Every structure is written in C-alpha cells, then in structure tokens.
Amino acid sequence: MSRIAKLLTVRDILSNAICVETLDDVAAGIFAAGTAYPVEKTVTIRNARDNQEAMSVAILEGLSPHASGCDLIANFDYVVPKPGAAKATAIKLTCRINESGQFSAEAEGWKYE
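The following refers to the structure shown. (Residues numbered from 1 in each chain as written. Predicted model: local features only at pLDDT ≥ 70, side-chain atom pairs only at ≥ 80, totals over all residues. Heavy atoms only, no water.)

Looking at the packing of aromatic side chains
At step 1: Counted by the stated rule, this structure contains 3 aromatic pairs.
At step 2: When the ring of Phe76 is compared with that of Trp110, the centres are 4.2 Å apart and the planes differ by 20°; the resulting orientation is stacked. Residue Phe76 is located in strand E5 (residues 71-79), and its partner Trp110 is located in strand E8 (residues 110-112); the two are separated by 34 residues in the primary sequence.
At step 3: With relative accessibility at 17%, the residue Trp110 sits in the buried group. (Phe/Tyr/Trp six-rings, centres within 6.5 Å; stacked < 30°, edge-to-face > 60°. Helix = DSSP H or I, 4+ residues; strand = E, 2+ residues; numbered from the N terminus. Buried < 20%, exposed > 50% of the residue type's maximum accessible area, 1.4 Å probe, protein only.)

Quick look at the structure:
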C-alpha cells in the first residue's frame with residue numbers, strides 16, 4: 001500500500017443540510033451539507049414578535065434556502081412563560097448526529113430521537 005493511501009481517511013458526511021425554519025420561509029442552517037459526523041451543535045432560538053405566547057420550532061433537512069423547499073424532520077411548540085418584547089425569550093436547541101448518522105435533538109421540555 002502506498003504512503004498516500006495510508007494517510008487517507010474516509011469520513012461520513014451529510015448529504016443535506018439540517019436547518020430550522022425562521023421568518024419569511026428562511027431555512028437557517030444548523031449543519032451544512034458536507035458536514036462530517038459525529039457532530040453536535042447548540043443554537044439559540046428567540047421569539048420574533050412582541051408578546052408572543054408560543055414559539056413553533058421546525059427542524060428541516062434539505063438543500064433549499066427556503067423552508068418550504070426542505071423536508072420536515074421534527075417540530076415542537078414552546079410556550080413562552082412570560083411573553084414580552086421581541087427577542088426577549090431564548091431557548092437552546094441542541095442537535096446531534098451520531099456515528100451511525102442518526103439525528104437527535106433536544107430543547108427545554110422536548111426531545112427527538
């Protein structure tokens with residue numbers, strides 16, 4: 001075996017991006033297509049409007065910059081404990097892809113496996 005072949009490492013990578021839906025049909029990236037796994041990332045999601053009583057979070061998979069062009073992986077509704085000004089409420093969403101390529105996610109009071 002040549003020295004070059006001994007240095008080559010093959011890694012599993014995502015074929016599609018993993019993202020969340022934001023305002024105006026935007027698919028905001030969490031993991032880009034081509035990301036090697038295993039991988040983990042935590043993002044902060046904030047309320048978009050004043051006095052918002054709940055936040056609906058949709059986790060998507062796809063290559064489109066538009067949420068409507070991606071496939072839904074999971075979604076959940078977060079009830080805002082004290083509605084207030086826009087961007088005042090923040091929830092942490094942690095997404096993982098394990099060694100086998102299995103996606104999981106969790107946020108306060110919610111888990112997807």
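After that view of the structure, there is still more to cover.
Describing the sheet that holds strand E6 (residues 90-97)
At step 1: Taking strand neighbours across the sheet as the criterion, the 4 strands line up as E3-E6-E7-E8 in an open arrangement whose pairing is antiparallel. Lying at the two open borders of the sheet, with one neighbouring strand each, are strand E3 (39-46) and E8. Direction aside, neighbouring strands of the sheet carry axes that sit 15° apart on average.
At step 2: The sheet contact formed by E3 and E6 spans 8 bridges and is antiparallel. Following the sheet pairing, Arg46 is matched in E6 by Ala90. (Pairing = 2+ DSSP bridges. Axes fitted to C-alpha atoms, helices over the stretch in contact; angles between N-to-C directions.)

Brief notes about the environment of Leu14
At step 1: Tracing the backbone through its elements, the reader meets Leu14 in the loop between helix H1 (3-7) and strand E1 (17-21).
At step 2: Expressed as a C-alpha distance, the spacing of Leu14 and Ala33, which sit 19 residues apart in the sequence, is 5.2 Å.
At step 3: Residues in contact with Leu14, not counting those within four places in the same chain, are Phe31, Ala32, Ala33, Gly34, Thr35, Tyr37 and Ile97. (Contact = heavy atoms within 4.5 Å.)

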